[in-house]
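The lines below spell out each chain.
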Amino acid sequence: MRTLFSCLVLAALALLGGCRSAAHRVATSPDTPPLRFLLTFDDGPSIRSAPNPTEQVLGTLARNPVQPGIKAIFFVQTRAANGGGTPQGRQLMQRELALGHVLGFHTATPGHSNHLSMSADVLGETLKTGLADHADLGVVPRVVRPPMWAYDDRTLGAYADAGLRALLTDVTANDGKLFPPYGSPRRKQHMKYQMELLRPRVLAGELPVVQGVIPVVVTFHDPNPFTAEHLAEYLQLLLNSARQQGLRVADRPFYGQDDDVEAIALARTVNAEDPVQHIPGFWQSLLRLKP
Ligand SMILES: [Zn+2]
């Protein structure tokens, strides 16, 4: 019995020692260019009553203690029955543009439809509809975020025919579950995990350097009231989590009004010849063992 107990104690100590040394190994990497976060927001705009989440997000991007005047990309749903397809939704998209943000294509259907499951004709039609919606707002979108991250050669080809390139993500808040409860009590552990996944990619030089920094694409969902309420905290969390992984962050950690945010995004879009990437959505993430 004593032998078994000793073994358990030794195993526990070894495990702790392993964890400590693993944490200790995370050193800063001065040779790697610093990161700059490119914020993207999916599924909006929201027409929830006050406080309206999309309005809250716009307010925090403009004014927050981390970096005022952040400019982001909003991948909007121009025909959403509870958002972009309503007069209030259209007003919010116009406001996003007026504030200097970029609009990207997400869906042009009443719901959150999967492009991968559409026939060529239906996909072509929905892209045409969405482009017309964006044109009504006075813009021509150049980036698309595939709903549910689902894409293949065929949908990339249809996007290209419509003048669009697909932007995936490097870091996701996994806040795309748009019904209660909205809270994310494990957001710190989750962001730590996201940065643990990002770190080897940065150190291996997998991410392109643009204008001296590495643009890191981050995805949130502006219709999520918890995200909207806690966005300033999330901004700080991104910085803290990256630094904890020894990743250098640029003095100006987010893109702002002096940057061509759309051009930066285009430098990070999917290349048709690369293998298809699978990014877990909220439900797939729940099935993962790690947070
Ligand atoms: Zn979406």
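Residues numbered from 1 in each chain as written. Predicted model: local features only at pLDDT ≥ 70, side-chain atom pairs only at ≥ 80, totals over all residues. Heavy atoms only, no water.

Caption draft 1: Geometry of the coordination of the zinc ion. Taken together, Asp43 (OD), His106 (NE2) and His112 (NE2) make up the full set of protein donors to the zinc ion, lying 2.0 to 2.1 Å away. Of note, the zinc ion draws all its donor residues from one chain, in the sequence arrangement D-x62-H-x5-H. Here Asp43, found in the loop between strand E1 (35-42) and helix H2 (53-62), pairs with His112, found in the loop between strand E3 (102-107) and helix H4 (120-136); they are 69 residues apart in sequence, far enough to count as distant. In this structure Asp43 comes out as buried when scored by relative accessible area, which is 10%. (Donors = N, O, S within 2.8 Å, 3.2 Å for Na, K, Ca; no water. Helix = DSSP H or I, 4+ residues; strand = E, 2+ residues; numbered from the N terminus. Buried < 20%, exposed > 50% of the residue type's maximum accessible area, 1.4 Å probe, protein only.)

Caption draft 2: Quick look at the side chain of Arg145. If you trace the backbone, Arg145 turns up in the loop between strand E4 (143-144) and helix H5 (153-161). A distance of 3.1 Å separates the side chain of Arg145 from the backbone oxygen of Leu167, its partner in a polar contact. (Polar contact = N/O pair within 3.5 Å; in protein donor to acceptor, adjacent residues only side chain to side chain.)

Caption draft 3: Representation of the side chain of Thr109 in the model. Residue position: Thr109 is located in the loop between E3 and H4. A distance of 2.8 Å separates a polar atom in the side chain of Thr109 from the backbone oxygen of Gly111. Separated by 2.5 Å, the side chains of Thr109 and Ser113 make a polar contact. If near-sequence neighbours (up to four positions away) are discounted, Thr109 is found in contact with Arg79, Ala80, Met118 and Thr126. (Contact = heavy atoms within 4.5 Å.)

Functional significance is not addressed by these values, which are geometric in nature.
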